Amino acid sequence: MVKKDLDWANLDFSYRKTDKRYVANYRNGEWDAGDLTDDDKVTISECAGVLHYSQSCFEGLKAYTTEDGHIVAFRPDMNAERMESSAKRLEMPVFPKEKFVDAVVETVRANAAYVPPYGTGATLYIRPYMFGSGPVIGVAPSKEYQFRILTTPVGPYFKGGVRALNLCVSDFDRAAPRGTGDIKAGLNYAMSLRAIVTAHRNGYDENMFLDAATRTMVEETGGANFIFVTKDNKIVTPKSDSILPSITRRSLLHIAKEYLGFTVEEREVYFSEVSDFTECGLCGTAAVISPVGKIVDHGREICMPNSFNGMGTVIKKLYDTLTGIQMGQIEAPKGWIKIIA
Ligand code: PLP
Ligand code: COI
């Protein structure tokens with residue numbers, strides 16, 4: 001297989017069409033066999049549930065080229081499980097886990113020429129998604145759905161690569177208590193667009209969202225969970241029913257405890273505590289772990305002393321171990337790495 005002629009080391013996080021995508025349809029109460037297609041266009045009813053009532057959810061994961069030349073995906077079973085929660089919450093049919101993982105493998109294999117070579121810093125981003133494709137006019141779940149997977153080679157999520165990010169505390173709320181903040185529904189992201197455009201216009205990289213009920217606790221950003229480091233080197237991450245259960249964050253907590261011997265606390269994090277932390281990072285599939293240098297709350301600047309100029313020592317250890325596992329340099333916990341080719 002000959003790799004595509006792309007400037008791998010300088011890719012940004014944007015969509016580039018690849019050769020094949022996966023499509024399965026749900027009709028009459030069941031999923032069809034699903035298949036790969038060359039056709040990147042979606043044709044659905046003008047009255048499709050997704051177009052009117054935003055019945056859609058998605059996932060994000062990556063394929064990597066390891067040091068010894070394999071193509072692997074990181075924990076695709078976890079994405080399948082999270083998509084199951086999203087689907088159930090949105091009254092959509094579940095796309096079975098085994099079928100999900102097989103479809104990821106099939107789609108990545110078919111686009112192997114787009115999986116960035118080892119050492120370039122780039123990866124193949126995999127985007128499974130599902131939407132109500134059948135017509136509905138009264139507010140109700142659609143009767144027909146489409147599940148698809150597209151892939152696109154990507155570089156760093158934040159422009160400029162790994163650098164300390166500037167965040168602002170958002171005046172918007174991302175998710176309501178007992179709402180949909182803990183699933184990967186497209187509607188959560190539509191809600192956050194005004195906030196991210198406002199943040200960018202004001203010169204910030206991302207928002208820190210607070211809990212909607214009291215606005216005293218740290219939730220997450222528009223596309224990543226937070227991790228903080230205390231003065232005595234404990235790792236702290238917010239626990240909330242309205243944040244997305246990040247697979248990266250859950251993996252990092254395991255790595256922190258089992259590989260690196262840190263004490264880990266998953267608990268409510270008050271915004272008033274943030275100035276006591278020494279390091280801050282955003283973690284997610286796209287963000288990996290991006291260091292946060294500064295958080296600005298209506299003019300009050302909170303500087304993170306050990307991640308002000310880039311990754312601090314604790315976050316760097318987490319980053320090196322996570323990416324080492326993903327790239328096959330460090331032995332992974334059982335079941336974390338799915339070998340694709
Ligand atoms: N939080 C939000 C709102 C996200 O969109 C994402 C990205 O998927 C994450 C957190 C990180 O989750 P994961 O590590 O599973 O990619
Ligand atoms: C991911 O990290 O996979 C996401 O879906 C986040 C999104 C902001 C790109």
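Residues numbered from 1 in each chain as written. Chains lettered and ligands numbered in written order. Predicted model: local features only at pLDDT ≥ 70, side-chain atom pairs only at ≥ 80, totals over all residues. Heavy atoms only, no water.

A short note on the packing of aromatic side chains
This is how the line gets drawn: Only Phe, Tyr and Trp rings take part, Trp by its six-membered ring, and two of them pair if their centres are within 6.5 Å. Stacked means planes under 30 degrees apart, edge-to-face means over 60, and tilted covers everything else. In this text, helices come from DSSP runs of H or I with a minimum length of four residues, and strands from runs of E with a minimum of two, each type numbered from the N-terminal end. Per-residue accessibility, obtained with a 1.4 Å probe over protein chains only, is compared with the maximum for each type, and a residue is labelled buried under 20%, exposed over 50%, and partly exposed between these values.
Scanning the entire structure with this criterion turns up 16 aromatic pairs. Measuring from centroid to centroid gives 4.9 Å for Phe-58 and Tyr-189, while their planes differ by 65°, and the two rings are edge-to-face. On the criterion of sequence distance, the pair formed by Phe-58 in strand 4 (residues 56-58) and Tyr-189 in helix 4 (residues 186-201) is long-range, its members being 131 residues apart. Centre to centre, the rings of Phe-226 and Phe-228 are 5.4 Å apart; their planes meet at 10°, and the pair counts as stacked. We note that Phe-226, like Phe-228, is buried. Each residue in the set Tyr-22, Tyr-26, Trp-31, Phe-95, Phe-100, Tyr-145 and Phe-147 is aromatic and connected to the rest through ring pairs, giving one cluster.

Examining the packing of helix 2 (residues 76-89) against helix 3 (residues 97-110)
For the record, the criterion: Here the axes come from fitting lines to C-alpha atoms, over the contacting stretch only for helices, and the angles between their N-to-C directions go from 0 to 180 degrees. To sort the angles, those under 35 degrees are grouped as roughly parallel, those over 145 as roughly antiparallel, those from 65 to 115 as roughly perpendicular, and the leftovers as oblique. In this scheme the handedness of a crossing depends on how the near helix is turned from the far one: anticlockwise by less than a right angle means left-handed, clockwise means right-handed. Contact between two residues is taken to exist if any of their heavy atoms lie within 4.5 Å; hydrogens are not considered.
Contact geometry for helix 2 and helix 3: axes closest at 9 Å, N-to-C directions at 130°. It follows from the interaxial angle that helix 2 and helix 3 lie oblique. Considering how the two elements wind past one another, helix 2 and helix 3 form a crossing that is right-handed. Residues Pro-76, Asp-77, Asn-79, Ala-80, Glu-81 and Met-83 of helix 2 lie in contact with helix 3, whose contacting residues are Lys-97, Phe-100 and Val-101.

Some details on the site of ligand 2
Short version of the rule: Any residue with a non-hydrogen atom lying within 4 Å of a molecule or strand is treated as near it. Under this definition, polar contacts are N or O atom pairs within 3.5 Å; protein pairs additionally need one hydrogen-donor-capable and one acceptor-capable atom, and for neighbouring residues in sequence, both atoms have to be side-chain atoms. Where accessible areas are quoted, they stem from the Shrake-Rupley method and a 1.4 Å probe; at the residue level, only the protein chains shown are allowed to cover.
Around ligand 2 sit Phe-58, Gly-60, Tyr-125, Arg-127, Tyr-157, Lys-184, Gly-223, Thr-285 and Ala-286, and that is every residue in its neighbourhood. Between ligand 2 and the protein, one listed contact pairs an oxygen atom with a side-chain N or O atom of Tyr-125 at 2.6 Å. Within the contact set of ligand 2, an oxygen atom lies 2.8 Å away from a side-chain nitrogen or oxygen of Lys-184. Considering ligand 2 on its own, with 290 Å² of exposed area, one finds that the protein chains cover 89% of that surface.

Some remarks on the side chain of Asn-111
Structurally, Asn-111 can be placed in the loop between helix 3 and strand 7 (123-132). Within the local environment of Asn-111, its side chain forms a polar contact with the backbone nitrogen of Asp-19, the two atoms lying 3.0 Å apart. If near-sequence neighbours (up to four positions away) are discounted, Asn-111 is found in contact with Thr-18, Asp-19, Lys-20 and Thr-151.

Some points on the site of ligand 1
Worth spelling out the cut-off: Each residue gets one label: Ala, Val, Leu, Ile, Met, Phe, Trp, Tyr, Cys and Pro are nonpolar, Asp, Glu, Lys and Arg are charged, and the others, such as Gly, are polar.
Taken together, 16 residues are adjacent to ligand 1, and Tyr-189, Glu-220, Ser-246, Thr-248 and Thr-285 come closest. Within the side chain of Glu-220, one N or O atom sits 2.5 Å away from a nitrogen atom of ligand 1. For the shell around ligand 1, the secondary structure elements donating two or more residues are helix 5 (247-259) and strand 14 (279-284). Residues that form the shell around ligand 1 fall into these classes: five nonpolar, seven polar and four charged.

Looking at the domain arrangement of the chain
Put simply, the rule is: Segmentation into domains, and thus their bounds, comes from an automatic or database assignment. Take the accessible area each of two parts loses on contact, using a 1.4 Å probe, and add the two losses: that sum is the buried area.
Domain boundaries assigned for the chain yield domain 1 (8-154) and domain 2 (165-326). Of note, the centres of domain 1 and domain 2, computed from C-alpha atoms alone, are 25 Å apart. In this assembly, domain 1 packs against domain 2 so that about 1,700 Å² is buried in total across both faces, 64% of it on carbon and sulfur atoms. Its largest share of buried area at the contact with domain 2, domain 1 owes to Phe-58, Phe-74 and Arg-82, together 35% of the area lost on that side.

A word on the side chain of Ser-307
Tracing the backbone shows Ser-307 in the loop between strand 16 (300-303) and helix 6 (313-326). Assessed through its relative accessible area of 0%, Ser-307 is described here as buried. Among the polar contacts listed, one links the side chain of Ser-307 to the backbone nitrogen of Cys-280, at a separation of 3.1 Å. Not counting residues within four places of it along the chain, the set of residues in contact with Ser-307 comprises Ala-164, Thr-278, Glu-279, Cys-280, Pro-291, Val-292, Gly-293 and Gly-312.

Concerning a negative patch on the surface
Heads up, the rule is: The residues that make up patches have over 30% relative accessible area and no salt bridge, and they are joined within 9 Å when like-charged or within 5 Å when they are Val, Leu, Ile, Met, Phe, Trp or Tyr. For this document, the term salt bridge refers to a Lys or Arg side-chain nitrogen within 4 Å of an Asp or Glu carboxyl oxygen. This count recognises Lys and Arg as positive and Asp and Glu as negative, with His and chain-terminal groups excluded. Lysine's charge is taken at NZ, arginine's at CZ, aspartate's at CG and glutamate's at CD.
Taken together, the side chains of Glu-30, Asp-32, Asp-35, Glu-98, Asp-102 and Glu-106 make up a negatively charged region of the molecular surface. No other element matches helix 3, which puts three residues into the negative patch. Along the polypeptide, Asp-35 turns up in strand 3 (residues 35-37).

A short note on the pairing of strand 9 (residues 165-169)
To be explicit about the condition: Two strands pair if DSSP finds at least two bridges between them. For crossovers, right-handed means that the path from the first strand over the helix to the second runs clockwise, given strands pointing away from the viewer.
With four of five residues buried, strand 9 is to be regarded as a mostly interior element. Summarising the sheet, strand 9 and strand 10 (residues 206-208) pair through three bridges and their orientation is parallel. By the bridge assignment, Cys-168 is partnered in strand 10 with Asn-207. Read as a crossover between parallel neighbours, the route from strand 9 over helix 4 to strand 10 is right-handed.

Observations regarding the nonpolar core
As a reminder, the rule being used: To define a nonpolar core, start from buried Ala, Val, Leu, Ile, Met, Phe, Trp, Tyr and Cys residues and group those joined through side-chain atoms within 4.5 Å.
Counting residues in hydrophobic clusters, the biggest one holds 33 residues, and the most contacted among them are Trp-31, Phe-95, Phe-100, Val-108, Met-130 and Phe-147. Of all the secondary structure elements, the ones that give two or more residues to this core are strand 1 (21-27), strand 5 (61-65), strand 6 (71-74), helix 2, helix 3, strand 7 and strand 8 (145-154). Of the residues forming this core, the biggest block, six residues, is contributed by helix 3. Apart from the residues lying within four places of it in its own chain, the contact partners of Phe-100 are Glu-59, Pro-76, Asn-79, Ala-80, Met-83, Phe-95, Pro-128, Phe-147 and Ile-149.

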